[in-house]
Amino acid sequence: MEYFSDQEHGKVEVVREDISDQVWCGILSYVNTLIATGAFGEAFPEICPDGQVVIGTNSVAFWEACRAEIPSFSTLKVDKSGTVVDKPETPELLDFIQFCYQNVSAPIKLSYHDYFKHHHLTFNGEKGRLEFVQKINKIFERNRIEFRLQYDGSIIRTLPPELNQLLNASKTGNEAVFDRLLNDAKTNICDPDPKVRKDGLERLWDAWERLKTLEEGNDKKAQTTKLLDKAATAPEFRKLLEEEAKVLTAIGNTFQIRHHEQGKHEIKDPGQIDYLFFRMLSMIFLLLKARSGPP
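Just so we're clear, the structure is a prediction, and the values are computed from it rather than from any experiment.

Our next topic: the overall build of the protein chain. Summing up its helical and strand segments, the protein chain has eleven helices and six strands in all. By principal-axis analysis of the C-alpha atoms, the protein chain measures approximately 85 × 45 × 35 Å. Split into buried and exposed, the 295 residues of the protein chain put 42% on the buried side. In the protein chain, the share of contacts with a sequence separation of at least 24, taken over all contacts with a separation of at least 6, comes to 60%.

Taking 1.5 Å per residue, 18 residues should reach 26 Å; helix α8 (residues 194–211) reaches 25 Å between its end C-alpha atoms and fits that length. All of the buried residues along α8 are Arg 197, Lys 198, Gly 200, Leu 201, Glu 202, Leu 204, Trp 205, Ala 207, Trp 208, Glu 209 and Leu 211. On its buried side, α8 packs onto β6 (155–157), α7 (176–188), α9 (220–231), α10 (235–254) and α11 (270–292).

Before going further, it helps to spend a moment on the pairing of strand β2 (residues 54–57). As paired elements, strand β1 (residues 45–47) and β2 share three bridges and run antiparallel to each other. Residue pairing for β2: Ile 47 is matched across the bridge by Val 54. The antiparallel hairpin formed by β1 and β2 contains six residues in its connecting segment.

Another point: unusual backbone geometry. Even without a glycine there, the phi angle at Arg 144 is positive, about 60 degrees. In this fold, Arg 144 is placed in the loop between α5 (125–142) and β5 (147–149). Judged by its relative accessible area of 37%, Arg 144 falls in the partly exposed class.

What follows concerns the packing of aromatic side chains. Summed over all chains, the structure comprises eleven aromatic pairs. Measuring from centroid to centroid gives 5.8 Å for Tyr 30 and Phe 132, while their planes differ by 20 degrees, and the two rings are stacked. With a gap of 102 residues between them, Tyr 30 in helix α2 (residues 21–36) and Phe 132 in helix α5 connect regions that are remote in the sequence. The pair Tyr 30 / Phe 132 is uniform in exposure class, with both members buried. Taken together, a centroid distance of 6.5 Å and an interplanar angle of 65 degrees make the contact between Phe 140 and Phe 147 edge-to-face. Each of the two residues, Phe 140 as well as Phe 147, counts as buried. Cluster of aromatic residues (ring-pair linked, three or more members): Trp 24, Phe 40, Phe 44, Phe 62, Trp 63, Phe 73, Phe 96 and Phe 99. In this structure, Lys 135 is placed above the aromatic ring of Tyr 30, and the distance from its NZ or CZ to the ring centre is 5.9 Å.

A complete count under the given rule lists 14 salt bridges for this structure. In this structure, Arg 157 engages Asp 274 in a salt bridge whose closest nitrogen and oxygen atoms are separated by 2.2 Å. Highlighted residues: Arg 157 in strand β6 and Asp 274 in helix α11, separated in sequence by 117 residues. As far as burial versus exposure is concerned, Arg 157 and Asp 274 are alike and both buried. Residues Glu 175 and Arg 210 are paired through a salt bridge, measuring 2.5 Å at the closest nitrogen-oxygen approach. One end of the pair, Glu 175, is in the loop between α6 (161–169) and α7; the other, Arg 210, is in helix α8, and 35 residues separate them in sequence. Take Arg 210: its relative accessible area is 31%, and that puts it in the partly exposed class. Taken together, the salt bridges that share partners define one network made up of Asp 229, Arg 238, Glu 242 and Lys 246.

So, on to the packing of α7 against α11. Interaxial distance between α7 and α11 falls to 12 Å at its minimum, and their mutual angle equals 145 degrees. Handedness of the crossing formed by α7 with α11: left-handed. Along the contact surface, α7 presents Phe 178, Leu 182, Ala 185 and Lys 186, while α11 presents Phe 277, Leu 281, Ile 284 and Leu 288. Here the contact of α7 with α11 is composed, by residue class, of seven nonpolar, no polar and one charged.

Mean pLDDT for the protein chain: 87, with 91% of residues reaching 70 or above. For the protein chain, the element scoring lowest by mean pLDDT is helix α1 (residues 4–9), at 55; helix α4 (residues 90–103) scores highest, at 96.

Moving on: the side chain of Glu 146. Structurally, Glu 146 is set in the loop between α5 and β5. For Glu 146, a relative accessible area of 9% puts it in the buried group. Among the polar contacts listed, one links the side chain of Glu 146 to the side chain of Arg 157, at a separation of 2.9 Å.

A word on the side chain of Thr 83. Secondary-structure assignment places Thr 83 in the loop between α3 (59–69) and α4. Classification of Thr 83 as buried rests on a relative accessible area of 7%. Apart from the residues within four sequence positions on either side, Thr 83 is in contact with Leu 28, Asn 32, Trp 63, Lys 77 and Val 78.

The rules behind each value
- Residues numbered from 1 in each chain as written.
- Predicted model: local features only at pLDDT ≥ 70, side-chain atom pairs only at ≥ 80, totals over all residues.
- Heavy atoms only, no water.
- Helix = DSSP H or I, 4+ residues; strand = E, 2+ residues; numbered from the N terminus.
- Buried < 20%, exposed > 50% of the residue type's maximum accessible area, 1.4 Å probe, protein only.
- Contact = heavy atoms within 4.5 Å.
- Expected span 1.5 Å × (residues − 1).
- Pairing = 2+ DSSP bridges.
- Phe/Tyr/Trp six-rings, centres within 6.5 Å; stacked < 30°, edge-to-face > 60°.
- Lys NZ or Arg CZ within 6 Å of the ring centre and 35° of its normal.
- Salt bridge = Lys/Arg side-chain N within 4 Å of Asp/Glu carboxyl O.
- Axes fitted to C-alpha atoms, helices over the stretch in contact; angles between N-to-C directions.
- Left-handed = near helix turned anticlockwise from the far one by under 90°.
- Nonpolar A, V, L, I, M, F, W, Y, C, P; charged D, E, K, R; others polar.
- pLDDT = per-residue confidence, 0-100.
- Polar contact = N/O pair within 3.5 Å; in protein donor to acceptor, adjacent residues only side chain to side chain.

In structure tokens, the structure reads:
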């Protein structure tokens, strides 16, 4: 279902990666509903007293397994049923979503057991996972959160359309080492974990240094000059490109991107990682287009 406000105003822009208390409560409420309706009963079965037939979810087993696979959940507040109620940190909350995805199935009612007043159940795992993905992503989308659960259970970080277009448009350099570094960087910048995105920034700067050596010759400075010459013939823009190339190289050497010894400045803020990544990627994209010639 598409909400009326989406039809009137368009989809809201993705702007945040922190998951609020409100969103956590919504996800927890949804998971508790799935537990109550037996959607985790295939993985954590509650058995009919009359025989070995599943009638629902064993919620105690569900939460015990959850805390075993996500150890930080063991330190959070739980209620009398063993349900985690405190909001976990975002990485662990995303782990929880993946844990649920791995174990959810759509319950299908079979015969009704009149004496115990319950249905016997069978399950459709594919349908359950499909519905779970759609519901979680709707919560993320409506709350402007940049994560999306994929149909294989992985979680990716979405990007603004302009940045995503640049990411997908970046060409290869037709050189194995450079292409590997660039592809690793592009994959890592979409990861939910800021540490992995920081690794992507480092890979991109390694790709930049490799790109400067792809022109003919053995002198890196001369090779870089040839590369910049291909990208700009107008003197003013050529000068701008050379200044930008020097600044980008200096950033890599000054901050903890290419070097990590004492005295180098650490980059922690995810927004700063994004800024530097797409500033560098724009430069690389321009130079790759110049190397490959007109389409």
